[in-house]
Amino acid sequence: MTEQAMDWQELTNLTRGQPFVVERVRLASGGVAIEGEFALPQLAQLNAEDQVFVTAFVRCHGSIKEMERIFGVSYPTVKSRLNRIAQMFDFVETDPAPSRADVIERLRRGELTAQQAVSELEGRA
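From a predicted model like this one, the values you see are computed outputs, not experimental measurements. (Residues numbered from 1 in each chain as written. Predicted model: local features only at pLDDT ≥ 70, side-chain atom pairs only at ≥ 80, totals over all residues. Heavy atoms only, no water.)

Asks: Please set out unusual backbone geometry residue by residue, giving values where relevant.
Replies: Here His 61, not a glycine, exhibits a phi torsion of approximately 55 degrees, which is positive. Inspection of the secondary structure puts His 61 in the loop between α2 (48-59) and α3 (64-71). Residue class for His 61 comes out exposed when judged on its relative accessible area of 74%. (Helix = DSSP H or I, 4+ residues; strand = E, 2+ residues; numbered from the N terminus. Buried < 20%, exposed > 50% of the residue type's maximum accessible area, 1.4 Å probe, protein only.)

Structure, rendered in structure tokens:
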């Protein structure tokens, strides 16, 4: 385990899972420090065990079969834990519905049929 990971784990142990706010950030190079109130990224808000679990999941490229092997648990256990962790996150919509203006412009250019445009506008694309 790296020194930074150990420091993070120590901080997690000190806070005992309680929420905390970072008030000072210092860049490792250049000696610049910024003070304020900074929210931690969502992954950093997970407890140490869940951080290890997510890291392992990424390392095995999302293979639940590999997660079963690594942690010695069943498929439903892996899925349950992933679902529990996922509920802690705010997800960003990665495929937002097209804007009305975009659909109309694509229809005007002949890229969509009238029926496709209606479907997209109704959210059934």
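Asks: How would you sum up the packing of aromatic side chains? Please name residues and give values.
Replies: This structure, assessed with the given rule, holds one aromatic pair. Aromatic pair Phe 53 and Phe 71: ring centres 5.1 Å apart, planes at 45 degrees, arrangement tilted. Of this pair, Phe 53 sits in helix α2 while Phe 71 sits in helix α3, and the two are 18 residues apart along the sequence. Note on Phe 53: relative accessible area 2%, which makes it buried. (Phe/Tyr/Trp six-rings, centres within 6.5 Å; stacked < 30°, edge-to-face > 60°.)

Asks: Just give me the short version of the packing of α2 against helix α4 (residues 75-86), but keep the residues and values in it.
Replies: Axis angle and axis distance: for two packed helices, these are the angle between their axes and the distance between the axes, and together they describe the pair. Remark: α2 packs on α4, axes separated minimally by 11 Å, with the N-to-C direction vectors making an angle of 115 degrees. By the angle between their axes, α2 is roughly perpendicular relative to α4. With respect to the hand of their crossing, α2 and α4 are arranged in left-handed fashion. Across from Glu 49, Asp 50, Phe 53, Val 54 and Phe 57 in α2, the residues of α4 making contact are Val 78, Arg 81, Leu 82, Arg 84 and Ile 85. Split by residue class, the contact of α2 with α4 holds six nonpolar, no polar and four charged. (Axes fitted to C-alpha atoms, helices over the stretch in contact; angles between N-to-C directions. Parallel < 35°, antiparallel > 145°, perpendicular 65-115°, else oblique. Left-handed = near helix turned anticlockwise from the far one by under 90°. Contact = heavy atoms within 4.5 Å. Nonpolar A, V, L, I, M, F, W, Y, C, P; charged D, E, K, R; others polar.)

Asks: Hey, could you go over the nonpolar core for me, with residue numbers and the actual values?
Replies: Leu 46, Phe 53, Val 54, Ala 56, Cys 60, Ile 64, Met 67, Val 78, Leu 82, Ile 85 and Phe 89 together form the largest nonpolar core, which totals eleven residues. Looking at this core, the elements with two or more residues in it are α2, α3 and α4. Those residues in contact with Phe 53 that sit more than four places away from it in its chain are Met 67, Phe 71, Val 78, Arg 81, Leu 82 and Ile 85. (Core = buried A, V, L, I, M, F, W, Y, C linked by side-chain atoms within 4.5 Å.)

Asks: Lay out the environment of Ser 74 with the relevant residues and their values.
Replies: Here Ser 74 is to be found in the loop between α3 and α4. On a C-alpha basis, the gap between Ser 74 and Ile 64 in space is 9.2 Å, while along the polypeptide they are ten residues apart. Within polar-contact distance, the side chain of Ser 74 engages the side chain of Thr 77 at 3.0 Å. (Polar contact = N/O pair within 3.5 Å; in protein donor to acceptor, adjacent residues only side chain to side chain.)

Asks: Requested: an account of the confidence of the model for the chain, with residues and values cited.
Replies: Put simply, the chain has an average pLDDT of 85, and 89% of its residues get 70 or more. Per-element confidence in the chain is highest for α3, whose mean pLDDT is 96, and lowest for helix α1 (residues 3-15), whose mean pLDDT is 68. (pLDDT = per-residue confidence, 0-100.)

Asks: How would you sum up the packing of α2 against α3? Please name residues and give values.
Replies: At their nearest, the axes of α2 and α3 sit 9 Å apart, and the two run at 130 degrees to each other. Viewed along their axes, α2 and α3 adopt a mutual orientation that is oblique. Crossing of α2 over α3 shows right-handed handedness. Between α2 and α3, the contacting residues are Phe 53, Ala 56 and Phe 57 on the first element and Ile 64, Met 67 and Phe 71 on the second. Partitioning the contact of α2 with α3 into residue classes produces six nonpolar, no polar and no charged.

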